[in-house]
Amino acid sequence: MTQTAPKRFQILALSGGGYRGLFGAEFLAACESTFKARCSSRFGIIAGTSIGALLAAGLSASVPATTLAATIEDYGPSIFARSFTTRIKQHVVAAPYSPISILEAIRKTLGKPVATTQLSDFSPPLIITAVNYSTGETSIFRSKGIAGKSASSVSIEDAILASAAAPTFFPTKKIGPSEYIDGGLVANAPDMIALIDALNFGHARMEEVYQLSIGTASRRQGAAVHDKSRAPGSVSWIARRGLVQTIMAAQEHLVLSQMDSLLRNRFLRIDEEPAQNQVEAIKSLDLASRGATETLRLLADKAFEERKASRPLRDFFVR
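Residues numbered from 1 in each chain as written. Predicted model: local features only at pLDDT ≥ 70, side-chain atom pairs only at ≥ 80, totals over all residues. Heavy atoms only, no water.

In the annotation of an unreviewed UniProt entry, the chain is listed under the name PNPLA domain-containing protein and assigned to Mesorhizobium atlanticum. On record in UniProt, under Sequence similarities (unreviewed entry), the comment for the chain is "Belongs to the patatin family." (UniProt positions renumbered as here; feature names shortened; annotations may be inferred.)

Asker: Help me understand the UniProt feature "active site" (unreviewed entry) in the chain, please; the structure alone is not making it clear to me.
Answerer: When the UniProt feature table is mapped to this numbering, "active site" (unreviewed entry) covers S50 and D182. Despite a sequence span of 133 residues, these residues sit close together in the fold, their greatest C-alpha distance being 6.3 Å. As for the annotated residues, the ones lining the largest cavity are S50 and D182. Within the secondary structure, S50 is located in the loop between β2 (45-49) and α2 (51-60). Apart from residues no more than four positions distant in its own chain, S50 is found in contact with G16, S163, A164 and D182. Among the structural elements, D182 can be located in strand β6 (residues 178-182). Using a relative accessible area of 2% as the deciding quantity, one classes D182 as buried. If we ignore the near neighbours within four places in the chain, the residues touching D182 are T49, S50, A130, V131, A162, S163, A165, A166, P167 and M248. (1 Å grid on protein atoms, 1.4 Å probe; cavity = no way out; pocket = protein on both sides within 12 Å on 5 of 7 lines; lining within 4 Å. Helix = DSSP H or I, 4+ residues; strand = E, 2+ residues; numbered from the N terminus. Contact = heavy atoms within 4.5 Å. Buried < 20%, exposed > 50% of the residue type's maximum accessible area, 1.4 Å probe, protein only.)

Asker: Can you help me understand the side chain of S163 in this one?
Answerer: Structurally, S163 is set in helix α8 (residues 156-163). You can call S163 buried: its relative accessible area is 0%. Only 2.6 Å separates the side chain of S163 from the backbone oxygen of T129, close enough to count as a polar contact. Apart from the residues lying within four places of it in its own chain, the contact partners of S163 are G48, T49, S50, A53, I128, T129, A130, D182 and G183. (Polar contact = N/O pair within 3.5 Å; in protein donor to acceptor, adjacent residues only side chain to side chain.)

Asker: Before we go on, may I ask you to explain the pairing of strand β4 (residues 137-142) in this structure?
Answerer: Along any regular strand the residues' side chains alternate between the sheet's two faces. Pairing between strand β3 (residues 126-132) and β4: six bridges, direction antiparallel. The residue of β4 that forms the bridge with V131 is T138. Where β3 folds back on β4, the antiparallel hairpin that results is connected by four residues, among which G136 adopts a positive phi of roughly 75 degrees. (Pairing = 2+ DSSP bridges.)

Asker: Sorry, what's going on with unusual backbone geometry here?
Answerer: Both trends apply: most residues other than glycine have a negative phi, and most peptide bonds are in trans. One non-glycine residue, S50, lies in the positive phi region at around 60 degrees. Unlike most non-glycine residues, R264 shows phi in positive territory, near 55 degrees. Mapped onto the fold, R264 is located in the loop between α12 (243-263) and β8 (267-270). Of the residues examined, R264 reaches a relative accessible area of 59% and is grouped as exposed.

Asker: What is the right way to read the packing of aromatic side chains from this model?
Answerer: Given two aromatic rings, their pairing is described by the distance between the two centres and the angle made by the two planes. What the rule picks out here adds up to 10 aromatic pairs. Summarising the aromatic geometry, the rings of F27 and F304 are spaced 5.8 Å apart at their centres and angled 75 degrees between planes, so their arrangement reads as edge-to-face. Taken together, the positions of F27 in helix α1 (residues 21-35) and F304 in helix α13 (residues 290-307) put the pair 277 residues apart, joining distant regions of the chain. Accessibility expressed as a relative area gives 5% for F304, which makes it buried. On the numbers, 6.5 Å between centres and 5 degrees between planes, the contact of Y97 with F169 is stacked. Here the residue Y97 occupies a position in the loop between α4 (86-93) and α5 (100-110), and F169 occupies one in the loop between α8 and β5 (173-175), the gap between them amounting to 72 residues. By relative accessible area, which is 4% here, F169 ends up buried. Among the aromatic side chains, those forming a connected cluster through ring pairs are F27, F35, F43, F304, F316 and F317. The ring centre of Y210 lies 3.8 Å from the NZ or CZ of R8, which sits over that ring. (Phe/Tyr/Trp six-rings, centres within 6.5 Å; stacked < 30°, edge-to-face > 60°. Lys NZ or Arg CZ within 6 Å of the ring centre and 35° of its normal.)

Asker: Got a minute to help me understand the pattern of salt bridges in this structure?
Answerer: Oppositely charged side chains can pair when the atoms bearing their charge come close. Taken as a whole and assessed by the stated rule, the structure comprises 16 salt bridges. E73 serves as the salt-bridge partner of R297, at 2.5 Å between the closest nitrogen and oxygen. With a gap of 224 residues between them, R297 in helix α13 and E73 in helix α3 (residues 65-79) connect regions that are remote in the sequence. Exposure remark for E73: the relative accessible area of 28% places this residue in the partly exposed category. What you see here is one network of salt bridges that share partners, running through E272, K302, E306 and R307. (Salt bridge = Lys/Arg side-chain N within 4 Å of Asp/Glu carboxyl O.)

Put into structure tokens, the structure is as follows:
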């Protein structure tokens, strides 16, 4: 008697992390090359936040992960063009970086016709997260391929720009009457959103869901422990203690622990925390130097080499 393989509803969730998104792009490029399969053909939902939103949109549109990795490497230095006034702008005056280079990267990668397509007309199942700064609400942009008639009437490029509008790095993104900021504030790891949508929109059963989650090689952030409580000012919180990155890291940690509890061995998280001597090169999400590129590639290679023979990873691509 022949046994049939258990039904699988596969989800790919891509975390935010600025230039460190190169880690995920390189890891998925290795997966697509080794297993001879495009992510677009293997996952019932692809969800992303911030840089993960660009990756998710590209993968959904069948753009090879190698192309996405090249896009991040090529456009990173112009997106995060630093000068001696960068930190002054960031903490005192205004957002130091312009979204113009991000828009150029989106259109170069997806092609303008796809980039300007309304999510309500986009058939691949895509989820992009953001925060509506005007209302204080979470905004989940969904394509026709996952939400049907409930899909978002927002262009793919606008959804990505909204998701990537990280506070203290980029200005808010205006869409209609509302302003939007980085989805990383509420869903830096969009895993739980994707899971719930798989159940509600995809009509998957919990026991059928298998989820691949990709991080951005970030190191845990936070203040050192002191004997007495400290009361840093607002600038100190942002400049020295990395408040925004800490909020994102804390949200990510909470969601990943919840996902692990819900899906157990059907949840696979791929990340690679840098060694002490690698931290300096990628300590901030806006470092797009040659050193950052080399470090992220090394970490992606290490993560893939350690897992390429494992059944949990291979099953996402070769079943």
